[in-house]
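So you can see what is in the structure, the chains are spelled out below.
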Amino acid sequence: MIKNIWKDPFFIVGFLFVFGLLIASFYHQIVLDNEIYEEQYIHDEEGMPKEKAPFEPSSLYWFGSDRMGADLFSQIISGAKYTIGIALVVSLLRVGLSFIGSFLLWRAGRVMPFIKGLSQSFYYIPSALLIFFIVGPIIQLENFTFWEKAFFEMLLIIAIAVPNTSILIKEEINLIEKEEFITSAKLMGGSRVRILSKHILPHLWPKLLLIYVQQVIAVLLLLAHLGILGVFFGGTTMREFTTEYEIPVSDSNEWSGLIGGYYYQLRLAPWLVFFPVFSFAAVILAFNFMGEGIKRSVNKLPIPKKVKSKGERKPNISLVVEKKSFIFLSRKKTG
């Protein structure tokens, strides 16, 4: 299974893209000290200002800049480790807690339909709006530190998905339990613990890996929606945009914060919103590639090959027909 995953081209392409982006982000943090290049004017050869920020995408500013002259490409690289890191950690905790919850539901019995119906009600409640009403007022307070706000937001994002994911894993376990080898193990007197460890888990963990990738995509989409609503990871700072109103600004250059912060400058500089959205789309596409690679690896069955020894000869099969094997019956004429 593991060898098949690393041989699949879809998985390799998606993994290399995400891994390379994380390496670039940590390099920007450690080596470049997370510095964001800012310059409000571009000068000509004589040293006179010829253009004022925001700057359009060019060879100097690959993704353009905002009104303060901050390089958008540097901000996206800087915030990649937060955006992807949040998705990876939150999804891991989601699947881990749901895995534990699925075994708590293993003995639910008659109560299971009620629990399933109750959890399905969360499908009709937009997760982004629920988090917005709970977390929104808190992350704008200055009484909490960056990591306290981040922990509270992560805790809520995890808790909101555990019930449905637990039921999903429980249904996967039910499908495995219907297999013939599970029935045989029960008839042979296998204990519940042994059946779980020796028979269910080896068939369950590839599906858990696929569920994990799906949860990463779901968290990325949720972060993008929260960014539009002005809820940023680790807190939101209000900065004066004009004399009349303020705009929300992320404290960490996280991509959802870039979308929410630059949304108010969409007409002035549309590239400020396009490139963060494009970054989200590219990473989500990369994880979709990884998920497709996992599916292909799970469904790929090894084809057994017959090993031919040196002294083995191909048998000569001939059909020998003996006359005695056939008896011809004739119909007698009666007249």
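Basis of the calculations
Residues numbered from 1 in each chain as written. Predicted model: local features only at pLDDT ≥ 70, side-chain atom pairs only at ≥ 80, totals over all residues. Heavy atoms only, no water. Helix = DSSP H or I, 4+ residues; strand = E, 2+ residues; numbered from the N terminus. Buried < 20%, exposed > 50% of the residue type's maximum accessible area, 1.4 Å probe, protein only. Contact = heavy atoms within 4.5 Å. Areas by Shrake-Rupley, 256 points an atom, 1.4 Å probe, with all protein chains shown as cover. Patch = residues over 30% accessible without salt bridge, like charges linked within 9 Å, V, L, I, M, F, W, Y side chains within 5 Å. Salt bridge = Lys/Arg side-chain N within 4 Å of Asp/Glu carboxyl O. Phe/Tyr/Trp six-rings, centres within 6.5 Å; stacked < 30°, edge-to-face > 60°. Core = buried A, V, L, I, M, F, W, Y, C linked by side-chain atoms within 4.5 Å. Axes fitted to C-alpha atoms, helices over the stretch in contact; angles between N-to-C directions. Parallel < 35°, antiparallel > 145°, perpendicular 65-115°, else oblique. Nonpolar A, V, L, I, M, F, W, Y, C, P; charged D, E, K, R; others polar. Left-handed = near helix turned anticlockwise from the far one by under 90°. Expected span 1.5 Å × (residues − 1). Arc of directions from axis to C-beta. Polar contact = N/O pair within 3.5 Å; in protein donor to acceptor, adjacent residues only side chain to side chain. pLDDT = per-residue confidence, 0-100. Lys, Arg positive; Asp, Glu negative; His and termini not counted.

Peer 1: Which parts of the structure should I look at to understand the overall build of the protein chain?
Peer 2: Check the secondary structure of the protein chain and you find 11 helices and 4 strands. Within the protein chain, the fraction of its 335 residues that count as buried is 40%. Across the protein chain, contacts joining residues at least 24 apart in sequence account for 70% of those joining residues at least 6 apart. When the accessible surface of the protein chain is split by element, carbon and sulfur atoms take 63% of a total near 21,700 Å².

Peer 1: Got a minute to help me understand a nonpolar patch on the surface in this structure?
Peer 2: On the surface, Phe-26, Tyr-27, Ile-30, Val-31 and Leu-32 cluster together into a nonpolar patch covering about 530 Å² of accessible area. Structurally, Ile-30 is set in helix α2 (residues 9-30).

Peer 1: What is the right way to read the packing of aromatic side chains from this model?
Peer 2: Two descriptors summarise a pair of aromatic rings, namely the distance from one centre to the other and the angle between the planes of the rings. Tallied over the entire structure, the rule returns 12 aromatic pairs. Ring geometry for Phe-274 versus Phe-278: centroids 6.0 Å apart, planes at 20 degrees, classification stacked. Highlighted residues: Phe-274 and Phe-278, both in helix α11 (residues 271-299), separated by 4 residues, approximately one helical turn. Residue Phe-274 is classed as partly exposed on the basis of its relative accessible area, which comes to 48%. The class for Phe-278 is partly exposed, based on a relative accessible area of 46%.

Peer 1: Mind showing me how you'd approach the nonpolar core here?
Peer 2: The tendency in soluble globular proteins is for nonpolar side chains to be buried side by side. With 67 residues, the main nonpolar core has Ile-131, Leu-220, Trp-255 and Phe-287 as its most contacted residues. Per-element accounting of this core gives the leading share, 17 residues, to helix α9 (residues 192-228). The contacts of Trp-255, once residues within four sequence positions are left out, are Leu-21, Ile-76, Gly-79, Ala-80, Thr-83, Pro-276, Ser-279, Phe-280 and Val-283.

Peer 1: Help me out: how do you make sense of the packing of helix α3 (residues 72-104) against helix α10 (residues 255-262) in this one?
Peer 2: The relative placement of two packed helices is expressed as an angle between their axes plus a distance between the axes. Contact geometry for α3 and α10: axes closest at 8 Å, N-to-C directions at 135 degrees. By the angle between their axes, α3 is oblique relative to α10. Side by side, α3 and α10 meet where Leu-72, Gln-75, Ile-76, Gly-79, Ala-80 and Thr-83 of the first sit next to Trp-255, Leu-258 and Tyr-262 of the second. Residues that form the contact of α3 with α10 fall into these classes: 6 nonpolar, 3 polar and no charged.

Peer 1: What's the story with the pattern of salt bridges in this structure? I'm lost.
Peer 2: For the structure shown, the criterion picks out 2 salt bridges. Arg-296 is paired through a salt bridge with Asp-8; the nearest N and O atoms lie 2.8 Å apart. Highlighted residues: Arg-296 in helix α11 and Asp-8 in the loop between α1 (2-7) and α2, separated in sequence by 288 residues. A salt bridge links Lys-207 to Glu-172; its shortest N-O distance comes to 3.3 Å. You can see Lys-207 sitting in helix α9 and its partner Glu-172 sitting in helix α7 (residues 162-177), a full 35 residues away along the chain. What makes Glu-172 buried here is its relative accessible area of 19%.

Peer 1: Looking at this structure, how should I read α10?
Peer 2: Each α-helix turn comprises 3.6 residues. Residues three or four places apart therefore point the same way. Of all 8 residues that make up α10, 8 are buried, and the element is covered over most of its length. Three or more residues of α10 are buried, namely Trp-255, Ser-256, Gly-257, Leu-258, Ile-259, Gly-260, Gly-261 and Tyr-262.

Peer 1: Help me understand the packing of α3 against α9, please; the structure alone is not making it clear to me.
Peer 2: For the pair α3 and α9, interaxial distance at closest approach is 8 Å and the crossing angle is 140 degrees. The angle between α3 and α9 falls in the class oblique. In the packing of α3 onto α9, the handedness of the crossing is right-handed. When its residues are assigned to classes, the contact of α3 with α9 shows 20 nonpolar, 3 polar and 1 charged.

Peer 1: Even after reading the chapter, I still don't get α2, so can you show me in this structure?
Peer 2: Between the first and last C-alpha of α2 there are 31 Å, a value that for 22 residues agrees with the 32 Å anticipated at 1.5 Å per step. Of all the residues in α2, the buried ones are Phe-11, Gly-14, Val-18, Leu-21, Leu-22, Ser-25 and His-28. For α2, the angular spread of the buried residues around the axis is 150 degrees, confining them to a single face. Opposite the buried face of α2, by more than 90 degrees, sit the exposed residues Leu-16 and Ile-30. Against α1, α3, α10 and α11 lie the buried residues of α2. Of the residues flanking the start of α2, the one acting as N-cap is Asp-8, its side-chain oxygen 3.0 Å from the backbone nitrogen of Phe-10.

Peer 1: Just checking my understanding: could you explain the environment of Glu-292 for this structure?
Peer 2: Looking at the element boundaries, Glu-292 is found in helix α11. Through-space distance from the C-alpha of Glu-292 to that of Leu-210 is 8.8 Å; in sequence the pair is 82 residues apart.

Peer 1: What should I look at first to understand the confidence of the model for the protein chain in this one?
Peer 2: When pLDDT is low, close inspection of the predicted coordinates is not appropriate. Residues at a pLDDT of 70 or more form 75% of the protein chain, whose mean pLDDT is 77. Here strand β3 (residues 236-240) stands out as the element of the protein chain with the lowest mean pLDDT, 62, in contrast to α2, whose mean of 92 is the highest. The low-confidence segment residues 301-312, where pLDDT is below 50, has 2 contacts with residues more than four positions distant or belonging to other chains.

Peer 1: Just checking my understanding: could you explain the side chain of Glu-254 for this structure?
Peer 2: Residue placement: Glu-254 occurs in the loop between β4 (246-250) and α10. Although Glu-254 lies buried, it forms no salt bridge, and the closest oppositely charged side chain, Lys-81, sits 12 Å away as judged by the N-O distance. At a separation of 3.1 Å, a polar atom in the side chain of Glu-254 contacts the side chain of Thr-83. With residues near it in sequence (within four places) discarded, Glu-254 still touches Gly-79, Tyr-82, Thr-83, Ile-86, Leu-223, Phe-233 and Phe-280.

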